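Working through the structure, step by step
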Amino acid sequence: MPPVTRRAAKALKPIGIQKSLSIRSFTSENDIRKCLSNYYKMRKQRRHQDKERCNYSRQHEIRFANHLAEMHRQGEIRDNISTYVVPEIQRRLNGQYGTSFTDDSIRGKYYALRGETKLYIAFKRRGTGMGWDSQKFTWLMDDSQWAAMEQVNPKYSKFRNDCTVYHLLEEVFVNQGATGDFSSGFENEPRTSADEREMETTARLARGKGSRSSRDEEAEIEV
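Because the structure is a prediction, the values reported are computed rather than measured.

On to the packing of helix 4 (residues 103–126) against helix 6 (residues 164–173), then. What describes two packed helices is the angle between their axes and the distance between those same axes. In contact at an axis separation of 9 Å, helix 4 and helix 6 are set at 90 degrees when each is read in the N-to-C sense. Compared by their axis directions, helix 4 and helix 6 come out roughly perpendicular. Between helix 4 and helix 6, the residues in contact are Tyr110, Leu113, Arg114, Glu116, Thr117, Lys118, Tyr120, Ile121 and Lys124 and Val165, Tyr166, His167, Leu169, Glu170 and Phe173, respectively. Classifying every residue of the contact of helix 4 with helix 6 by side-chain character gives 8 nonpolar, 2 polar and 5 charged.

On inspection of all chains with the given rule, the structure shows 15 aromatic pairs. Ring geometry for Tyr120 and Trp139: centres 6.5 Å apart, planes at 40 degrees, overall tilted. Taken as a pair, Tyr120 in helix 4 and Trp139 in strand 2 (residues 138–140) lie far apart in primary sequence, 19 residues in all. For the pair Tyr120 and Trp139, a shared accessibility class is recorded, and that class is buried. Between Phe123 and Tyr156, the ring centres sit 5.4 Å apart and the planes meet at 65 degrees, which makes this aromatic pair edge-to-face.

Viewed as axis vectors pointing N to C, helix 2 (residues 58–73) and helix 3 (residues 85–97) meet at an angle of 135 degrees, and their least axial separation amounts to 11 Å. The angle between the axes of helix 2 and helix 3 places the two elements in the oblique class. Of the two possible hands of crossing, helix 2 and helix 3 adopt the one that is right-handed. Contacts between helix 2 and helix 3 involve Gln59, His60, Arg63, Phe64, His67, Leu68, Glu70 and Met71 on the former and, on the latter, Val85, Glu88, Ile89, Arg92, Leu93, Gln96 and Tyr97. Here the contact of helix 2 with helix 3 is composed, by residue class, of 7 nonpolar, 4 polar and 4 charged.

Overall, the predicted model of the protein chain reaches an average pLDDT of 75, with 59% of residues at or above 70. The model gives residues 48–52 a pLDDT under 50, and that stretch makes 0 contacts with residues more than four places away or in other chains. Taken together, the stretch residues 177–196 has pLDDT below 50 and engages in 35 contacts with residues farther than four places along the chain or on a different chain.

Thresholds applied
Residues numbered from 1 in each chain as written. Predicted model: local features only at pLDDT ≥ 70, side-chain atom pairs only at ≥ 80, totals over all residues. Heavy atoms only, no water. Axes fitted to C-alpha atoms, helices over the stretch in contact; angles between N-to-C directions. Helix = DSSP H or I, 4+ residues; strand = E, 2+ residues; numbered from the N terminus. Parallel < 35°, antiparallel > 145°, perpendicular 65-115°, else oblique. Contact = heavy atoms within 4.5 Å. Nonpolar A, V, L, I, M, F, W, Y, C, P; charged D, E, K, R; others polar. Phe/Tyr/Trp six-rings, centres within 6.5 Å; stacked < 30°, edge-to-face > 60°. Buried < 20%, exposed > 50% of the residue type's maximum accessible area, 1.4 Å probe, protein only. Left-handed = near helix turned anticlockwise from the far one by under 90°. pLDDT = per-residue confidence, 0-100.

In structure tokens, the structure reads:
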């Protein structure tokens, strides 16, 4: 058999190699695509599970507010809420409802409720001639009054319905290092009208600062 020349060997060699490389390349691409597909699928499922774990119902929010108000009265809320407030509320909610709220979700909910409550305090201060339903925890105003309030701040519309959570948390956040509408002297400032003074008196009594105890108030708003 005549010896194979260098040129012939060079021509023959790539046939098997190219076939092998093409198979390997195709397999590798499929593996990479499968890995990426599985990765994004798992990531999507994880986000969905996290969203379910962080979904607070109205009942959860009311209980959250009750716990915060109780801690405030006991002097247990400090600047660093991560040391006690967050893990304690996490333990109570998950133990009571069988939920899986993470410490991050509890912390985020705390700051979200704090911001909304401060907005609620500003809303109360601006309102004039508002009535208060202590059974439904809602403000009694006609459409023209609500329209006027919403012109000041469109976010005030969220206080048209049940304000139980903000009503509970007002005492917690009213003096928390804020200025203007949220200053420490807010409750001591004179009102601009008799209606405002009457509204504030009604709100104080409904909050349990009159003849009722805080336990009575909590029993009334229990869902």
